[in-house]
Amino acid sequence: MKIDERLDRLRELMKEHDFAAYIIPTDDFHSSEYVGSYFKAREYMSGFSGSAGTLVVLQDKAALWTDGRYFLQAAEQLKNSTIELMRSGQPDVPKIEEYLHDNLPEKAMIGFDGRTVTKRFIETIQEKANEKQVSFDGSEDLVDQVWTDRPPLSKEPVWELDVEYTGKSRAEKIQEVREKMQAEKADQLLVTALDEIAWLFNLRGGDVAYTPVFLSYLLLTKEQIMLFAHKEIFSAQLLEKLTREGVTIKPYEEIEQAVSSMSAGTKVWLDSGTVNYRLTGSVPEKVEILDQESPIVLMKAVKTPAEMEHMRVAHVKDGVAVTRFIHWLKTGVGNGGVTEVSAAGKLEMFRAQMEGYLEPSFSSIIAYGPHGAIVHYAPTQESDVEMKAESFCLTDVGGHYQEGTTDVTRTIALGKLTEEEKQYYTTVLRGNLALSAAKFVEGVSGQNLDVLARGPLWEMGMDYNHGTGHGVGFILGVHEGPQRFHWRTATGTKSVPLEEGMIISDEPGLYLEGRFGIRLENLVLCRRGEKNEYGQFLYLEPLTMVPFDREAILPELMSKKELEWLNTYHQRVYETLSPYLDEEEQGWLREMTAQIQ
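Residues numbered from 1 in each chain as written. Predicted model: local features only at pLDDT ≥ 70, side-chain atom pairs only at ≥ 80, totals over all residues. Heavy atoms only, no water.

J.: Would you mind going over the overall build of the protein with me for this structure?
T.: Along the backbone of the protein there are 19 helices and 28 strands. Computed over its C-alpha atoms, the radius of gyration of the protein comes to 25 Å, within 12% of the 25 Å expected for a compact globule of 597 residues. When its C-alpha atoms are laid out on the principal axes, the protein stretches across 70 × 55 × 50 Å. Sorting the 597 residues of the protein into buried and exposed places 57% on the buried side. The contacts of the protein with a sequence gap of at least 6 include a subset with a gap of at least 24, amounting to 70%. For the protein, the computed accessible surface area is about 24,700 Å², with 47% contributed by carbon and sulfur atoms. With 63 positive and 94 negative side-chain charges, the protein shows a separation of 2 Å between the mean positions of the two kinds. (Helix = DSSP H or I, 4+ residues; strand = E, 2+ residues; numbered from the N terminus. Rg over C-alpha atoms; globule rule 2.2 N^0.38 Å. Buried < 20%, exposed > 50% of the residue type's maximum accessible area, 1.4 Å probe, protein only. Contact = heavy atoms within 4.5 Å. Areas by Shrake-Rupley, 256 points an atom, 1.4 Å probe, with all protein chains shown as cover. Lys, Arg positive; Asp, Glu negative; His and termini not counted. Charge placed at Lys NZ, Arg CZ, Asp CG, Glu CD.)

Right under this line is the structure:
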């Protein structure tokens, strides 16, 4: 069926259930950023394939909301549909709750699959909808009746991550969580976020694209550890080990029954911002809810010494692969035949040669020329273009290794650049270097530091429409909270102080629609520095080991200090990577990282 036929069928089902509107988000049952094939309902119904977006279908119209990363991509993919693109956060663009309020009649009913939205999300709509006495029904998955060839739920095998890599055993982590529960006087903790469960149990899986986690829920009490998952994903040996450690494996589908059976008078800790609407609504009335962020979020964000050391190893391996790729691309494009898709395949080949490589941490962005201005562009057979020895290729790629997770962006000059292109590249580079060199007192958040990266662009009256940096998980989600670099604090979130062990991306950019895009990204590790009468100081250690493109830099636009930062970084890159490269690659890297006076 075509998109309009799918929408027509959905509207027929909406009439049967008396739904005036139906909401289709991006999420799975666990509020995951990336979702498995079974959960791509919004993509199936709209044709938009970005990782963030919400589709709202009415009887006479439909609209899709997405953020600044996807404005260009969504506009292209929705072009031949009847779905209106809503560019979230832009002037005169209504929020979902405003759109519903303005377009629904009195006492209308809004439908949705309550397993794929959170209570907090519905509450944002409900406040406005109450003015028209609108009601809500989260019991129906109507897309399932439209999507006749829907893939089944994934049940990929689970594997264990040794304590050598994690630095803490399951037992130690669970004990720490229970101590936090005790401090909050919570009897039970309900966890639905897949990366939190995988981290807590030192287990990894394959049920979600680019994120090695497994479909599961957790109910933790003072005495019990109940893991709700498909039993067949565990080996007999791992099942025996978990049982011996006090973990009870229960059927994945029984979580609602377990929640609804909670005893009156108990206190359950859950986060209505991540726990789905149906599960939150299953908690009995006489059970007290402690609604706040899971204790695992911050525990997971602060890496152990073992995780920090292994992440350094992962970035050396990734640095070798990506540097080889850049050398191959810069020397091969002029010969013809290199396309975005073929380049992505070549990069994957270089990565696969590294011992311990597991899989990509997100879909590789290989964006030539105008495609670079599409912030989260991913090449497809339909969009693929051949690269020429001119302009930029924006390459944003990441991988999971046995030792950790990587994410790196380099914008590569494929031929002679204009002075304007070099000026913009140098300006973005200055922002990246300034943030990377930050030194600050304990208590400072990423929100405080964001101006360092944006400053050079702001001086030119320019900016980029995305955050400067996100947290990164340890063989988990490549995008992880709560730490981030962004001057804007999203509604319902709080500013989180940076701590030693947090890993964050540093990725300022500039995007000129129809021309090119520039983004330069390193991952940085927050470290403790000196302590004196002014307090404990912290600094950022670059983890990424990949050269910046010397051919795109205008040194005269950089201060002496900025050149020192660049030269120091490049010297470290060369000393770290050169032992793993062949003679030709070494010579090229020596030139690329040569000191700039």
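Read on, since the account is not over.
J.: Help me out: how do you make sense of the sheet that holds strand 15 (residues 357–360) in this one?
T.: Two strands in a sheet stick together by hydrogen bonds in their backbones, pointing the same way (parallel) or opposite ways (antiparallel). What the 3 strands build is an open sheet, ordered 15-18-19; its pairing is antiparallel. With one partner strand each, in any of the chains shown, strand 15 and strand 19 (404–405) form the two edges of the open sheet. Direction of pairing for strand 15 relative to strand 18 (residues 399–401): antiparallel, over a ladder of 3 bridges. Among the inter-strand pairings, Tyr-357 is bridged to a residue of strand 18, identified as Tyr-401. Across the face of the sheet, helix 15 (residues 340–352) comes into contact with strand 15 and strand 18 while running at roughly 160 degrees to strand 15. (Pairing = 2+ DSSP bridges. Axes fitted to C-alpha atoms, helices over the stretch in contact; angles between N-to-C directions.)

J.: What's the story with helix 5 (residues 119–129) in this structure? I'm lost.
T.: Turn by turn, an α-helix covers 3.6 residues, leaving residues three or four places apart pointing in a common direction. Listed in full, the buried residues belonging to helix 5 are Ile-122, Ile-125 and Ala-129. In an axial view of helix 5, the angular spread of the buried residues amounts to 65 degrees, which keeps them on one side of the axis. Buried residues along helix 5 sit against strand 1 (21–24), helix 4 (96–103), strand 5 (109–112), strand 6 (135–137) and helix 12 (277–282). (Arc of directions from axis to C-beta.)

J.: Teacher, can you tell me more about the sheet that holds strand 13 (residues 267–270) here?
T.: Overall, mixed pairing links the 6 strands, which are arranged 12-11-10-8-13-14 in an open sheet. The open sheet has two free edges, formed respectively by strand 12 (247–250) and strand 14 (288–291), since each of these has just one partner strand. The mean angle between the axes of side-by-side strands here comes to 20 degrees, regardless of whether they run parallel or antiparallel. Bridge count between strand 13 and strand 14: 4 bridges; the pairing is parallel. Across the sheet, Lys-267 pairs through a bridge with Glu-288, a residue of strand 14. Contacts between helix 8 (residues 170–183) and the sheet are confined to strand 8 (188–191), strand 10 (216–221), strand 11 (225–229) and strand 13, with strand 10 contributing the most and set at about 60 degrees to the helix.

J.: Looking at this model, I keep getting lost on helix 10 (residues 236–244). Mind explaining?
T.: Considered for burial, the residues of helix 10 that qualify are Leu-238, Leu-239 and Leu-242. Down the axis of helix 10, the smallest arc covering the buried residues is 100 degrees, so these residues share one side. Opposite its buried face, helix 10 presents the exposed residues Ala-236, Gln-237, Glu-240, Thr-243 and Arg-244, each directed more than 90 degrees away. In this fold, the buried residues of helix 10 make contact with strand 7 (159–160), helix 8, helix 9 (194–201), strand 9 (203–204) and strand 12. In the segment just after helix 10, Gly-246 is the residue with positive phi, at about 90 degrees.

J.: Can you walk me through the pattern of salt bridges in this structure?
T.: Side-chain pairs of opposite charge can arise whenever the charged atoms involved come near each other. Taken as a whole and judged by the stated rule, the model has 41 salt bridges. Notably, a salt bridge pairs Arg-324 with Glu-585, separated by 3.5 Å at the nearest N-O pair. In this pair, Arg-324 is assigned in helix 14 (residues 305–332) and Glu-585 in helix 19 (residues 583–592), connecting sequence segments 261 residues apart. Taking the shortest distance from any N to any O, the salt bridge between Glu-442 and Arg-528 comes out at 3.1 Å. Taken together, the positions of Glu-442 in the loop between strand 21 (439–441) and helix 17 (446–459) and Arg-528 in strand 27 (residues 522–532) put the pair 86 residues apart, joining distant regions of the chain. Glu-442 sits in the partly exposed class, given a relative accessible area of 43%. The network of salt bridges with common partners includes Glu-309, Arg-312, Glu-442, Glu-500, Arg-527, Arg-528, Glu-541 and Arg-572. (Salt bridge = Lys/Arg side-chain N within 4 Å of Asp/Glu carboxyl O.)

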